[in-house]
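Chain and residue survey
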Amino acid sequence: MLTCSVCINNEKTSKIKIVNGKPICKECIVYLSHKPDKSKIQAELEELMKDVDKAIVAFSGGKDSTVALYLAKEVYKVPELEAVMIDHGFMAGEAIENAKRIAEYLNVQFTILRYDYSDIFREAFLKAQSPCRRCSKRTMEKLRRYALKKGVKYIITGHELPFGHHPYRLMSGGIIQIRLLSLMSESERFEILEKLPFEFPNLAGYTTNCLILGPALERYYEKHSFSFEHRRIAALVRYGLLDRKKALEKVKKPEIPEEIKRTVYERLNLEELL
Ligand SMILES: [Zn+2]
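Owing to the predicted nature of the structure, the values given are computational and were not obtained by experimental measurement.

Moving on, we come to the sheet that holds strand β3 (residues 54–58). By definition, the strands of a sheet pair up through backbone hydrogen bonds, in either a parallel or an antiparallel sense. Spatially, six strands are ordered β5-β4-β3-β6-β8-β7 in an open sheet, and the strand pairing comes out mixed. What marks the edges here is a single partner per strand, and that holds for β5 (109–114) and β7 (168–170). On average, each strand axis in the sheet is tilted by 25° relative to the strand beside it, whichever way the strands run. For β3 and strand β4 (residues 80–87), the ladder comprises five bridges, and the chain directions are parallel. Note on β4: the bridge partner recorded for Ala 55 is Leu 81. Relative to β5, helix α4 (residues 93–106) is tilted by about 155°, and along the sheet it contacts β4 and β5. The strands touched by helix α6 (residues 132–150) within the sheet are β3, β4, β5, β6 (154–157), β7 and β8 (176–179), with β4 carrying the most contacts at an inclination of about 140°.

Quick look at the structure:
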């Protein structure tokens, strides 16, 4: 099977062509002809952040949103911040502890809003699909409504850029999502985490906050024999944000601790799938 010589896409995850004797995926062909300008994106972020006097940070207690909260508070010095965790019902206890500890350390108000996303997760397990897109869409909508209610215009998130060429997105009702980690590499993120009281939880599937991800990746892998995160992780390699070796580790079939798996399936009433 051919693997892209730039990222880690292969024939299962993308269309591979041979260009100048080397295999290359269709996303990398587009990327190489329209490379994003990192300094331009950074300048755009700086400009945008100058106007931000009040913001909500989408704070899952995971490593990326922790970095985003740190940047908002310590680098951009946003005067009024609220870190909001949307608990979809399956947040790891360690993530909630991390979130409380970090918010307290950075002296930022911390709010948890609790919901039940079992409908999304059950369906994803039954169909062996990824739950992430629907989960994240619902979470952004809940945050948008919360921001509107609180009269806050900006929502800062720990998303990375690779899927758009601007570090912000206009949402309905005049709310603006700011992707504060745009084009920040994994090693830059780790440098920031080291300064903070962040403890890495022992969860499967490289997640630092969600109990669903590992078992969902496993189930998908068993049906499709590749990871539903493969293309997202390939994009990080393409953009030079993650090295190839680490990326290949992350797209392997995850090893799920038995008790996490059992808890998730039982709570979703899906024991018959075990
Ligand atoms: Zn590629």
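Inspection of the secondary structure assignment puts Asp 51 in the loop between α2 (38–50) and β3. A C-alpha to C-alpha distance of 9.2 Å links Asp 51 and Val 78, two positions 27 residues apart in sequence.

When strand β1 (residues 16–19) meets strand β2 (residues 22–25), the two strands line up antiparallel, connected through four bridges. Of the residues in β2, the one forming a bridge with Ile 18 is Pro 23. Where β1 hands over to β2, the hairpin turn is made up of two residues, of which Asn 20 adopts a positive phi near 50°.

What follows covers the domain arrangement of the protein chain. With domains assigned, the protein chain is organised as domain 1 (1–35), domain 2 (38–194) and domain 3 (203–273). Distance between the C-alpha centres of domain 1 and domain 2: 31 Å.

What counts and what doesn't
- In this convention, every chain numbers its residues from 1, walking through the sequence in written order.
- Two thresholds apply to this predicted model, a pLDDT of at least 70 for residue-level local features and 80 or more for giving and counting side-chain atom pairs, whereas whole-chain, interface and lining totals are computed over all residues.
- For the side-chain quantities, the full set of heavy atoms in the structure was used; hydrogens and water were omitted.
- Any two strands with at least two DSSP-identified bridges between them are counted as paired.
- Counting from the N terminus, the helices are DSSP H or I runs at least four residues long and the strands are E runs at least two residues long.
- Every axis in this analysis is a line fitted to C-alpha atoms, fitted for helices over the stretch in contact. Angles between the N-to-C directions lie between 0 and 180 degrees.
- It only takes one pair of heavy atoms within 4.5 Å for two residues to be counted as in contact.
- Domain extents, as shown, originate in an automatic or database domain assignment.

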